[in-house]
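# Descriptive structure summary
The chain contents come next:
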Amino acid sequence: MGPYSEVAEYYDAVVKKYPGYYDSVLFLNNLLAGKKVLEVGVGTGTVARMLSEQGFDVTGIDSSEEMLKIAKSKLSGLDICLKQQDLLNLDLDKKFDSIVFYQGPLCIIRTVSGLVMETYLEDNLQVATSLNKLNHHLKNSGNLVIGIRDDRVPDRSILFGDGLSYHVCLRRRSSDRQEITHMIVDGMSVLAKDSLTKYQLPLSEFHTLLKQNCFSIKGFDLTKNFYIAEK
């Protein structure tokens, strides 16, 4: 079973309740270089669909078979290429103008102590290997766009549907590991639950890894929650 295997079927209903989610996606077109876009962590395809409707040529990858099943059904009839791949083994026979992580395998986190990079990857070596893969899939002057998530409140709940609620719980497991648990709850019953342990590294270390892999930092947009680097 892949990440989000249990909560996948509820994902779209939860996303609709996130304040500012769709506005941020619509803002993406201001940050993209050219029309060929790769979304890493495409999930159920919400971002990919919106980008496609804005005229972008979109390819999406995800490691979750359950998420991709929903995406393929939802995006049926649209010219969007979907593949099951993980970031560490990224291997597509094409280059892109922009690569987007909306809130996927790489994500910038706002904490009470500042900004950090969070990832499913295990360590800096895997992050560097993945950045090298991204470099090879990005055209010169292409943009790498990474979403920013606010984790200054450790536990969050959202009501949606017929009495259902979505809960996110953050637990520190070590100085550089955080466990994130996603739950769908109906009253006192847990209908679905997925837990992921993610690696966090200081943003300064991530900047060093970016530069070592031929990226330059363009800046942040903390209003729309995006971080941008350029090849």
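Let me begin by describing the structure that accompanies this report. (Residues numbered from 1 in each chain as written. Predicted model: local features only at pLDDT ≥ 70, side-chain atom pairs only at ≥ 80, totals over all residues. Heavy atoms only, no water.)

What follows deals with the state of the cysteines. Going through the model one piece at a time under the given rule, you end up with zero disulfides. Counting only cysteine sulfurs, Cys169 is the nearest neighbor of Cys107, a cysteine outside any disulfide, at a range of 18 Å. (Disulfide = S-S within 2.5 Å.)

Now for the nonpolar core. Judged by nonpolar contacts, the single largest core of 30 residues is most densely connected at Ile99, Phe101, Leu134, Leu144, Ile146 and Phe206. Of all the elements in the fold, those that place two or more residues in this core are β1 (36-40), β4 (96-101), β5 (106-111), α5 (124-137), β7 (138-150), β11 (189-202), α6 (203-212) and β13 (226-230). Beyond its immediate chain neighbours, meaning those up to four positions away, Leu134 contacts Leu87, Leu90, Ile99, Phe101, Leu106, Leu144 and Phe215. Counting 24 residues, the second-largest nonpolar core is a separate cluster that includes Val25, Leu28, Leu32 and Phe226. (Core = buried A, V, L, I, M, F, W, Y, C linked by side-chain atoms within 4.5 Å. Buried < 20%, exposed > 50% of the residue type's maximum accessible area, 1.4 Å probe, protein only. Helix = DSSP H or I, 4+ residues; strand = E, 2+ residues; numbered from the N terminus. Contact = heavy atoms within 4.5 Å.)

Here the focus is the packing of aromatic side chains. For the structure on display, the rule yields three aromatic pairs. A connected cluster of aromatic rings, assembled from ring pairs, spans Phe206, Phe220 and Tyr227. Above the plane of the ring of Phe56 lies Lys35, whose end atom (NZ or CZ) is 4.4 Å from the centre. (Phe/Tyr/Trp six-rings, centres within 6.5 Å; stacked < 30°, edge-to-face > 60°. Lys NZ or Arg CZ within 6 Å of the ring centre and 35° of its normal.)

A separate point is α5. In a regular helix each residue adds 1.5 Å, so 14 residues correspond to 20 Å; α5 covers 20 Å between its end C-alpha atoms and thus fits that length. Burial in α5 covers these residues: Val127, Ala128, Ser130, Leu131, Leu134, Asn135 and His137. The secondary structure elements touched by the buried residues of α5 are β4, β5, β6 (114-119), β7, β11 and α6. With a side-chain oxygen positioned 3.2 Å from the backbone nitrogen of Leu125, the residue opening α5 is Asp123. (Expected span 1.5 Å × (residues − 1). Polar contact = N/O pair within 3.5 Å; in protein donor to acceptor, adjacent residues only side chain to side chain.)

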